[in-house]
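Topology and contacts: notes
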Amino acid sequence: MSSSEHAVSADGTSIGYERFGGGRPLILVGGALRSPVATRSLAERLAGCLTVFVYDRRGRGGSGDTPQYAVDREIEDLGALIAEAGGTAAVYGHSSGAGLALRAAAHGLPITGIVLHDVPFAPDVSSRKEALELDDSIQALVAEQRLEEAVELFLASMELPTEVARHLSQDPQLTTIAHTIPYDFAVLDDSDSSFEALAARVDLPALVLSSTTSPEWTASMGRRIAEALPNGRHVLVESKEPIITPDEIAPVLEEFVTRDAVGSSG
């Protein structure tokens with residue numbers, strides 16, 4: 001069972017979320033074009049031992065937005081969720097959601113521990129340049145309301161087959177939130193402060209996850225981030241599917257939140 005609620009962020013924006021289960025709090029932060037539906041099954045799997053919060057990041061689903069986007073507003077959104085959780089919480093982020101979790105922890109939010117899963121920071125200068133060019137192209141398409149093309153271009157950049165990217169770009173659930181894709185690029189832009197510098201500021205229990213079916217570059221990035229975190233460790237989760245399943249990842253999260261990310265209440 002879950003309950004649907006709203007938190008109010010610092011700028012007054014309403015953030016929709018669902019709460020599952022009971023126990024120590026864990027907030028799940030999704031990546032680009034991800035709705036809570038994508039993480040609900042994981043929340044349900046964890047609900048037997050944890051209180052799990054699944055929310056719509058700003059500009060998506062049941063959450064509001066403001067005309068001028070800033071990463072700091074998304075950090076404040078997460079802060080509002082932590083307040084709803086009782087004042088402290090562990091945070092799990094996937095893809096760009098992991099980048100947001102890292103930034104929130106570096107910002108000093110009352111997080112008891114973070115789990116970063118497949119963080120797609122650009123591994124080198126060439127990759128950063130490609131990401132900036134892709135972001136510019138998607139922003140131009142969004143500005144022209146060519147939302148299907150924006151979604152297709154983004155999905156193609158993730159190396160999805162052309163036919164699959166084109167098919168998914170017709171999904172109104174994705175085109176409705178296409179304008180938020182640049183938000184994810186902003187979260188992952190480490191040109192002002194490298195991800196190593198961010199990680200060095202996070203003196204919390206930290207787990208960096210990759211799966212055996214993750215692309216090698218994301219596993220390599222995971223190891224680099226874990227090394228930069230003062231209390232970080234990298235774990236390679238055994239997976240039999242192209243996308244790691246809730247049954248495969250849930251035990252890792254359960255152990256981390258109940259044993260390591262206990263905070264002041266532990």
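The present account deals with the structure reproduced in this document. Residue indices begin from 1 for each chain and proceed along its sequence in written order. With the structure being a predicted model, the display of local features is reserved for residues of pLDDT at least 70 and the display and counting of side-chain atom pairs for 80 or more, all residues being used for whole-chain, interface and lining totals. Hydrogens and waters are ignored; side-chain quantities use all the structure's heavy atoms.

1. Section: a negative patch on the surface
A contiguous patch of negative charge on the surface is contributed by Asp-124, Glu-130, Glu-133 and Asp-136. Strands here are runs of E lasting at least two residues and helices are runs of H or I lasting at least four, both read from the DSSP assignment and numbered beginning at the N terminus. Relative to the assigned elements, Asp-124 resides in the loop between strand S6 (111-117) and helix H4 (125-143). Surface patches are drawn from residues lacking salt bridges whose relative accessible area is over 30%; two like charges belong together within 9 Å, two nonpolar side chains (Val, Leu, Ile, Met, Phe, Trp, Tyr) within 5 Å. Shrake-Rupley sampling with a 1.4 Å probe provides the accessible areas, and residues are treated as covered by the protein chains on show and by no other component. One speaks of a salt bridge when a side-chain nitrogen belonging to Lys or Arg is within 4 Å of a carboxyl oxygen belonging to Asp or Glu. By the counting scheme adopted, Arg and Lys are positive, Glu and Asp are negative, and His together with the chain ends is not counted. The location of each charge is read from NZ of Lys, CZ of Arg, CG of Asp or CD of Glu.

2. Some words on unusual backbone geometry
One non-glycine residue, Ser-95, lies in positive phi territory at about 55 degrees. Despite not being glycine, Gln-145 shows a phi value in the positive range, around 60 degrees. Inspection of the secondary structure puts Gln-145 in the loop between H4 and helix H5 (147-157). Using a 1.4 Å probe on the protein chains alone, a residue whose accessible area is under 20% of its type maximum counts as buried, one over 50% counts as exposed, and one in between counts as partly exposed. Relative accessible area serves as the criterion here: at 59%, Gln-145 is assigned to the exposed category.

3. Describing the packing of H4 against helix H8 (residues 181-188)
Comment: axis = line fitted to C-alpha atoms, over the contacting stretch for helices; angle = value between 0 and 180 degrees taken between N-to-C directions. It is at 9 Å that the axes of H4 and H8 come closest, and there the two elements cross at 155 degrees. Taken together, the axes of H4 and H8 are roughly antiparallel relative to one another. By crossing handedness, the relation of H4 to H8 is classed as left-handed. Contacts between H4 and H8 pair Ala-131, Leu-134, Asp-135, Ile-138 and Gln-139 from the former with Ile-181, Pro-182 and Phe-185 from the latter. Here the residues of the contact of H4 with H8 are counted per class, giving 6 nonpolar, 1 polar and 1 charged. The cut-offs work like this: below 35 degrees is roughly parallel, past 145 is roughly antiparallel, 65 to 115 is roughly perpendicular, and the gaps in between are oblique. Handedness of a helix crossing follows the sense of rotation of the near helix relative to the far helix, less than a right angle counterclockwise being left-handed and clockwise being right-handed. Should any heavy atoms of two residues lie within 4.5 Å, those residues are considered in contact. Any residue that is not Ala, Val, Leu, Ile, Met, Phe, Trp, Tyr, Cys, Pro, Asp, Glu, Lys or Arg is counted as polar, Gly included; the first ten are nonpolar and the last four charged.

4. With respect to the pattern of salt bridges
Tallied over the full model, the rule gives 19 salt bridges. Here the residues in one salt-bridge network are Arg-57, Arg-60, Glu-74 and Asp-184, joined through shared partners.

5. Let's talk about the packing of aromatic side chains
Whether two aromatic rings pair depends on their centres lying within 6.5 Å, for rings of Phe, Tyr and Trp, where Trp uses its six-membered ring; planes under 30 degrees apart make the pair stacked, over 60 edge-to-face, and the rest tilted. In this structure the tally under the stated criterion is 4 aromatic pairs. Taking 5.8 Å as the distance between ring centres and 45 degrees as the angle between the ring planes, the aromatic pair formed by Tyr-17 and Phe-53 counts as tilted. Taken together, the residues span a long stretch of sequence, with Tyr-17 in strand S2 (residues 14-21) and Phe-53 in strand S4 (residues 50-55) at a distance of 36 residues. Measuring from centroid to centroid gives 6.2 Å for Phe-154 and Phe-185, while their planes differ by 80 degrees, and the two rings are edge-to-face. Taken as a pair, Phe-154 in helix H5 and Phe-185 in helix H8 lie far apart in primary sequence, 31 residues in all.

6. Things to note about the pairing of strand S8 (residues 232-237)
In this scheme, strands are said to pair when DSSP sees at least two bridges between them. Here strand S7 (residues 206-211) pairs with S8 via 6 bridges, running parallel. Each bridged residue has a counterpart across the sheet, and for Ser-210 the counterpart in S8 is Leu-236.

7. Describing helix H3 (residues 96-107)
To estimate how far a helix should extend, the number of its residues minus one is multiplied by 1.5 Å. With 12 residues, H3 ought to run about 16 Å at 1.5 Å a step, and its terminal C-alpha atoms sit 16 Å apart, in line with that. The buried count for H3 comes to 11 of 12 residues, which makes it a mostly enclosed element. For H3, every residue scored as buried is listed here: Ser-96, Gly-97, Ala-98, Gly-99, Leu-100, Ala-101, Leu-102, Arg-103, Ala-104, Ala-105 and Ala-106. One or two steps after H3, the chain reaches Gly-108, where phi turns positive at roughly 105 degrees.

8. Examining the side chain of Ser-169
Inspection of the secondary structure puts Ser-169 in the loop between helix H6 (162-168) and helix H7 (172-175). Polar contacts, as used here, are pairs of N or O atoms within 3.5 Å; protein pairs need one atom able to donate a hydrogen and one able to accept it. Residues neighboring in sequence count only if both atoms are side-chain atoms. In this structure the side chain of Ser-169 is engaged in a polar contact, spanning 2.6 Å, whose partner is the backbone oxygen of Arg-166. When sequence neighbours within four positions are dropped, the list of residues in contact with Ser-169 reads Glu-148, Val-151, Glu-152 and Thr-175.

9. Observations concerning the environment of Val-164
Residue placement: Val-164 occurs in helix H6. A C-alpha to C-alpha distance of 30 Å links Val-164 and Gly-64, two positions 100 residues apart in sequence.

10. A word on H4
Here H4 is 19 residues long and its end C-alpha atoms lie 27 Å apart, about the 27 Å a rise of 1.5 Å per residue gives. Residues of H4 that are buried: Leu-134, Asp-135, Ile-138, Leu-141 and Val-142. Buried residues along H4 cover an arc of 125 degrees about the axis, so they all sit on one side. More than 90 degrees from the buried face of H4, the exposed residues found are Val-125, Lys-129, Asp-136 and Ala-143. Buried residues along H4 sit against H5 and H8. Near the N-terminus of H4, the side chain that reaches the backbone nitrogen of Ser-126, with its oxygen 3.3 Å away, is that of Asp-124. The first or second residue beyond H4 is Gln-145, which carries a positive phi of 60 degrees. Here, the arc refers to the directions that run from the helix axis to the C-beta atoms.

This is a description of form; function is not addressed.
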